[in-house]
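# Structure assessment
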Amino acid sequence: MKPAVMRPLLLGMMLSLVSYSSTAEIPANVMAQFNQLSPAQQEAIAAQYGVSLDQMRSQGQSGSQEQTMAPTLSPRTVDTSNTSQRPVLVPDSSYSGQTLQPFGYNIFAGQPTSQTPLADIPVPDDYVVGPGDELRIQMYGKENASYRLKVTRDGSVEFPKLGPINVAGQSFEQVRAMLEQRIAEQFIGVESAISMGTLRTIQVFVMGDAYRPGAYNVNALTTVTQALQIAGGIDTVGSLRKVQVKRGGEVIQNVDLYKMLIWGNTEQDIRLRAGDTIFIPAKGTEVTIDGLVKRPGIYELSGPAGLGNVLEVAGGLKAEALREVTVTRRGQNGMQVFTLNMANGRDSGFTVRDGDEIVAKPTTTEFDKAIAIKGAAVREGVYTWQPGIRVSQLIKDARRDLKSTADLDYALVVREVNANHDIEVLQFNLGRAIQFPGELDDLLLQPRDQLLIFDQQVSSTFDPQFNSRSPGFANQAGNGNSAVNGNSAVLVANNGATNGMTAGAGMLAGAAAGQSLAGGHVASNAQMMAMPVGQQQTQSNNEALAQQATRVQQQQNSQVMDLSTGALVSRRELDERNQTMDLGDVSQGAAGDALVSQSRQKLLAPIIDKLKAQSSTDRPVQIAEIRGAVKFPGVYPLSRNMTQADLLTAAGGLRETAFSAELSRVNEGAQGSLAIDYQRFTLEQLRKAGSPRVQSKDSLNILANPDWRGQLTVQLFGEVKFPGTYTVRRGETLGELLKRAGGVTEYGYANGGIFARESLRRQEADRMVYIKEQLQQEIATMSLRRQTGTLGVRSATPAEASALVTKLDNTQAIGRMSIDLPAILQGDKRADVMLENGDKLYVPAFQNVISVAGQVQMPTSHVFDPALSVQDYLNRSGGTKKQADTDRIYVIKANGSVMLQESGWFAGRGSKLEPGDTIIAPIDTDYLDNLSAWSTATQMMYQLGVAWSAIKD
C-alpha cells in the first residue's frame, strides 16, 4: 500500500482511539501529521470518525498549551541605600549608612521576567466565567473521556454530543453544578470532574512609582497586590499608603497596604478588570522609629497621627523600654527635642510630623530591692529582698544550697553605702550563720547587697560516691550488692570498674591473701548461667579486674634500663621515687589550691577594683595582702573591724609549714613621706581573738619553718645489700647512706660504681642545647664558604654537619659523676659526696673483663690479666687500624673516669688497668684530610702536566 494511503488510515486509527479513550487530547506528533494532510482529507477523516474539525484543532492547541509556564517573576533584593530601585533613575544615597530600612517595600519586591499572566493561581468558586476561559472536563464510569472546552465569544462551550451550552456570566460553582447535572442526565452511568483550565487574560496598567511601570497581561483572578507583585513591587520612592485603582478614569478604590501588612486586612485588595489602572503616587509623610520598639524602621503616615498610634504601627514598645519617648524634630530654627511620657494621655496624642525621629530608650538594668548571690552556691542569681531578711533565710541548708566545695568559714557581703554606689565589705562565718540563725554572723541584709561565697577546694574526693548522677551510685543502685563475698577488696575493685578506675590496693590485697576477686575461685560457665544477672555482671567484672591486676603486676616487674646509670632494674624500682611522699610537696599544699586561689581572686577582682576606684586622700584604699605559708595568698578587701585572724581566715588558714608572721605596714609621715614599718608576730598572736587590726595596704607575710624543705630521695641499684629508694637528710653523704643500706655485697664491684646526679643531667642538657646552637651557626657559615670559596681541600659538607645535629638531638643527657667508691666505703671523707635530691648509685656485679673498642681490627672483650698492658690488649684485638690515632688512645675506667696516654700507663707491664675498664682507639681526624690534600695535589700536578704539554706543542 502507498504511503499516501497509509497516512490517512493511521491517522484515522489514532483519532478513533482518541475519541473512545480516557483522554481526548491529541498527541503533538499526530496533530502534526494531521496538519500535513489536505483540507479535504482532514474533513473526510474527521467526518468518518465523528470528530469535529474545530474540536480537533482546539484540542491540539490545548495539548500544546499544557506545557509548564516559565515563571514571570524572579527574586529581587531591595537596596535601601538608594532612594529609588528602578534602573532608569539615578541612584541616590538618602538611606546610605542607615541601619533602619523603609518598612514594607521588600514584601512585593520582584524582578519581572515577562509580561505574561500568572497561570498557577487557584480559582475560587465565585469566579465569573467569561469568553476566553477554558473548562477541563474529565468523564469516567461507563464511558471515559477528557475534554478541554474553551468559552467562545458568545459565552458558550461546544460540548460533544450535548451541543452548545451557555456558561458566560455565571460563577464557576454554578457552571460546574450545571455541567455535572447535564452529564449525569445525558450519559447514564458516567460521572464527571470539572475544573478550570487556562484562564482568560486581561490587560491592566501599573503606573506611577512601581518598580517596572507598564501594561501587563494578567488573568481575570488578579488582585491589586498580585498586579503589584507582577510589576516587581513598589519603588522605595512610592507610597504604600495611597495606592489608587482607577476604572474608566475614576478612582474606585484607595488601597492602604499597611492595613494588609500590619493588621492583615485584605478588604481593599479587590479583583481587577480589563483596562484597570493601578496608580502609585510618591510617598508622603515619613517618620523614623528606632530603639526598643518591636519593628524599628522608617514608616509612612497616611495623614496626621498621634504618637501612640505611630508606635502601634511599629509594633509598640518592648517590655524593657522606658515609658518616656524622645521625639527629635527638624525646624526652621534648628533641632527640637520632645520628651513624652506614654503613660500620659496628652503626650500619647502628640501629633507627629514629617521627618520626626522617634526613639524609645531602655529602662535601667539595675535591680531594685533585690539581693545577689555569687560564687559556690548551687543556685546563683538574684533574690527578692524583704525587710528583715537575713543570710540564713537565703542559705538555709549547706548541703542543699551550697556546693560541696564551698568555704563555710569565709564569706562576704558587699554593700552599697551611698548614692555614688561606694561599697563596704562585711566578713562573716557562713557556717555559723546557717547553724545559729539570728546571731552575730547571720547578717541582716539590705537592698542591693551582694553575697559572695568562695570555694575552698577544687572538688570533693568523696562527693561523687554520694551523687545520684555518678556512675558508682547507679551501679550500686542497679546491682543491689556490689561485693559478692563482702570482702572489702571486692568492693573497691567493683567500684573501680564502675567508675573506670584501676582498683590497685584492693585487688592486690585480695590476690596476696590467695583469694580471687570473685570469692576465692573462678566461676565456670555453668555456674555463671545459674547466677542471677546482676551477680553474673559482678562476677565478670571481678574476673576482668583480676586479669588487669595480673597484667599490671607483670608490667611493674618487667626489666628496664635506667638511662642515667645504665642499671637494669624493674619498672617498680625505677618508679618508686615518684611515689614517695615529699615534704616539699606537702608544704606547697594540694595541687588544686592554686586553682582555688585563682577563682577567689577572680571573684574578688571587681570588688578590689571598686575599692581602688573609690579611694581618696582622706579615705585610703581598703585592701590588704597576705602571702607565704597560707592556702590562698592574694589581695583581699578589708572588712569592717578586720583583724589579722580575719585575714588569715580569708586566705584559707595557715599551712602546716607556717612558723611565724611578719607585718609590713605603710605609714605616712610628715610632709607626705611614706615609711614602711615591720613587725614580727607569733602564730599564737595571730590566732587569738584579740589579734591586731589590719589597716589599709598592710602586707602580712606568713614565714615557713626553715626546716621544712624539699625532701631528699636517693636511689640505690645493683649489688647493694638493701637497694631501693631512701629518704636522706640535708648534708648526708653517700658513705653514710651506704652504711644504712648495708654496704656493697660480696659480689659487687665498687670500682665500677656509677653515680648519677639530676642537677648534672640538667646542666648537660643545657650544654647540649648550646652546642647544638653553635653547630647550627657553623653549618650556616660552612654553607656560605662552600658557595664562595675556591679551596679544593675536602671538608665536612653541610649535610654531614646537619646529620650530626640530628644525632645530637637524639642524645639524652645522663648526668654521671665519677666517684671513688672504694675510698668512700673505707671512710675517706675527702672522697665522699654530699647527696642531693634525685641522686642515683648503681653498683654492678664484678666482671673480670677488659673491653677494647674503636679503630681496632676486632673490637671485643678479654679476660682481665694484671700482667698485660694496654698495648697487649690492643694486640689481642688485632692491633690498631691505619686510620687510628695511636697518640690519643685512652682508657675509660669502670667508674666512668678517663685516663689518657700522658698518664704514663703505657710504660712497662705494670699496667693500671682494672677489671671493667674499656680501651678506646679513636679515629685520626687528620687522616681523611691528608687523603684529600694528596688527591688535590695529584690533580693539580696532572693539570700542570697537561698545560705544559699544550705549551710545548
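Quantities reported herein were computed from a predicted structural model and do not represent experimental measurements.

### Points about the overall build of the protein
- Counting its regular elements, the protein contains 28 helices and 41 strands.
- In the protein, which comprises 953 residues, the share counted as buried stands at 40%.
- Across the protein, contacts joining residues at least 24 apart in sequence account for 63% of those joining residues at least 6 apart.

### Quick word on the packing of aromatic side chains
- This structure, assessed with the given rule, holds eight aromatic pairs.
- Aromatic side chains Y410 and Y636 sit 6.2 Å apart centroid to centroid with 80° between the ring planes, which places their arrangement in the edge-to-face category. Taken as a pair, Y410 in strand β22 (residues 406–416) and Y636 in strand β28 (residues 634–637) lie far apart in primary sequence, 226 residues in all. Of the two residues, Y410 and Y636, neither departs from the other in class, the shared state being buried.
- Their ring planes at 80° and their centres at 5.2 Å tell us that Y749 and F846 sit as a pair that is edge-to-face. Here the residue Y749 occupies a position in the loop between α23 (734–740) and β34 (754–756), and F846 occupies one in the loop between β36 (840–843) and β37 (849–854), the gap between them amounting to 97 residues.
- Residue Y749 is classed as buried on the basis of its relative accessible area of 9%.

### A word on the sheet that holds strand β3 (residues 134–141)
- The strand order across the open sheet formed by three strands is β4-β3-β7, and the pairing between neighbours is antiparallel. The open sheet is flanked by β4 (145–150) and β7 (190–196), the only strands paired with a single partner. Averaged over all pairs of adjacent strands, the angle between strand axes in this sheet comes to 20°, irrespective of strand direction.

### Focus on the nonpolar core
- One finds V206, I289, L307, L311 and I358 to be the most contacted residues of the largest nonpolar core, which totals 47 residues.
- Once residues lying within four places of it in the same chain are set aside, the contact partners of V206 are P213, G214, Y216, A227, L228, A231, I278 and I280.
- Of all hydrophobic cores here, the second largest spans 36 residues; its members include Y410, I423, V630 and Y636.

### Focus: the confidence of the model for the protein
- Counting all residues, the mean pLDDT for the protein is 77, and 68% of those residues have values of 70 or more.
- Within the model, pLDDT remains below 50 along residues 61–71, and this stretch shows eight contacts once partners closer than five positions in the same chain are excluded.
- In this model residues 468–530 is a low-confidence stretch, pLDDT under 50, and it forms 75 contacts with partners more than four residues away in sequence or in other chains.

### Remarks on the sheet that holds strand β38 (residues 860–863)
- The strand order across the open sheet formed by five strands is β38-β37-β41-β39-β40, and the pairing between neighbours is mixed. Bordering the open sheet on either side are β38 and β40 (898–899), each of which pairs with just one other strand.
- Looking at chain direction, β37 and strand β41 (residues 918–921) are connected through four bridges and run parallel. When the sheet's bridge partners are listed, V852 is paired in β41 with I919.

### A few points about the side chain of R757
- With respect to the secondary-structure elements, R757 resides in the loop between β34 and α24 (758–788).
- What R757 contacts, discounting residues up to four positions off in sequence, is G815, M817, V833, M834, L835, E836 and D839.

### Some details on the pattern of salt bridges
- One pass over the full model with this rule turns up 32 salt bridges.
- The residue D839 makes a salt bridge to R757 at a minimum N-O spacing of 2.8 Å. One end of the pair, D839, is in the loop between α26 (821–825) and β36; the other, R757, is in the loop between β34 and α24, with 82 residues separating them in the sequence.
- Owing to a relative accessible area of 0%, D839 belongs among the buried residues under this scheme.
- Sharing partners across several salt bridges, the network here consists of R729, E732, E736 and R740.

### Details of the pairing of β36
- Of the two faces of β36, the one carrying K840 and Y842 and the one carrying L841 and V843 are both buried.
- Pairing of β34 with β36, which is carried by three bridges, proceeds in the antiparallel orientation. Looking at the pairing, I754 lines up with Y842 of β36.

### Let's talk about the pairing of strand β8 (residues 201–208)
- Of the strand pairs in this sheet, β8 and strand β9 (residues 214–219) are connected by six bridges, and their pairing is antiparallel. Each bridged residue has a counterpart across the sheet, and for I202 the counterpart in β9 is V218.
- What sits between the antiparallel neighbours β8 and β9 is a turn of five residues.
- With four bridges connecting them, β8 and strand β12 (residues 277–280) associate as parallel partners. What sits directly across from F205, in β12, is T277.

### Quick word on a nonpolar patch on the surface
- A cluster of nonpolar side chains, I892, V898 and L900, forms an exposed patch at the surface whose accessible area comes to about 230 Å².
- Relative to the assigned elements, L900 resides in the loop between β40 and β41.

### Quick notes on the UniProt feature "domain: Soluble ligand binding" (unreviewed entry) in the protein
- Using the residue numbers shown here, the UniProt feature "domain: Soluble ligand binding" (unreviewed entry) corresponds to residues 287–335, 626–659, 714–749 and 849–899.
- Annotated as residues 626–659, this span is 21% helix and 26% strand, and its ends, taken at the C-alpha atoms, are 15 Å apart.
- Here residues 714–749 is 19% helix and 28% strand, with 20 Å between the C-alpha atoms at its ends.

### Section: helix α5 (residues 172–186)
- With 15 residues, α5 ought to run about 21 Å at 1.5 Å a step, and its terminal C-alpha atoms sit 21 Å apart, in line with that.
- Burial in α5 covers these residues: F172, V175, L179 and I183. Around the axis of α5, the buried residues are gathered within 60° of arc, so they sit on the same side.
- Summarising the contacts, the buried residues of α5 are in contact with β3, β5 (156–159), β6 (163–166) and β7.

### A closer look at the environment of L647
- Take L647: it is sitting in helix α21 (residues 644–650).
- Placed 39 residues apart in sequence, L647 and L686 show a C-alpha to C-alpha distance of 9.5 Å.

### Remarks on the environment of I183
- Locating I183 in the fold gives a position in helix α5.
- Placed 21 residues apart in sequence, I183 and L162 show a C-alpha to C-alpha distance of 8.5 Å.
- If we skip the residues at most four places from it in the chain, I183 touches I137, M139, F159, L162, V190 and S192.

### Observations regarding unusual backbone geometry
- For R448, which is not glycine, the phi dihedral falls at a positive 70°.
- Relative to the helices and strands, R448 resides in the loop between α12 (430–435) and β24 (450–455).
- Although it is not a glycine, N641 sits at a positive phi angle of roughly 60°.
- Mapped onto the secondary structure, N641 falls in the loop between β28 and α21.

Cut-offs applied
- Residues numbered from 1 in each chain as written.
- Predicted model: local features only at pLDDT ≥ 70, side-chain atom pairs only at ≥ 80, totals over all residues.
- Heavy atoms only, no water.
- Helix = DSSP H or I, 4+ residues; strand = E, 2+ residues; numbered from the N terminus.
- Buried < 20%, exposed > 50% of the residue type's maximum accessible area, 1.4 Å probe, protein only.
- Contact = heavy atoms within 4.5 Å.
- Phe/Tyr/Trp six-rings, centres within 6.5 Å; stacked < 30°, edge-to-face > 60°.
- Pairing = 2+ DSSP bridges.
- Axes fitted to C-alpha atoms, helices over the stretch in contact; angles between N-to-C directions.
- Core = buried A, V, L, I, M, F, W, Y, C linked by side-chain atoms within 4.5 Å.
- pLDDT = per-residue confidence, 0-100.
- Salt bridge = Lys/Arg side-chain N within 4 Å of Asp/Glu carboxyl O.
- Patch = residues over 30% accessible without salt bridge, like charges linked within 9 Å, V, L, I, M, F, W, Y side chains within 5 Å.
- Areas by Shrake-Rupley, 256 points an atom, 1.4 Å probe, with all protein chains shown as cover.
- UniProt positions renumbered as here; feature names shortened; annotations may be inferred.
- Expected span 1.5 Å × (residues − 1).
- Arc of directions from axis to C-beta.

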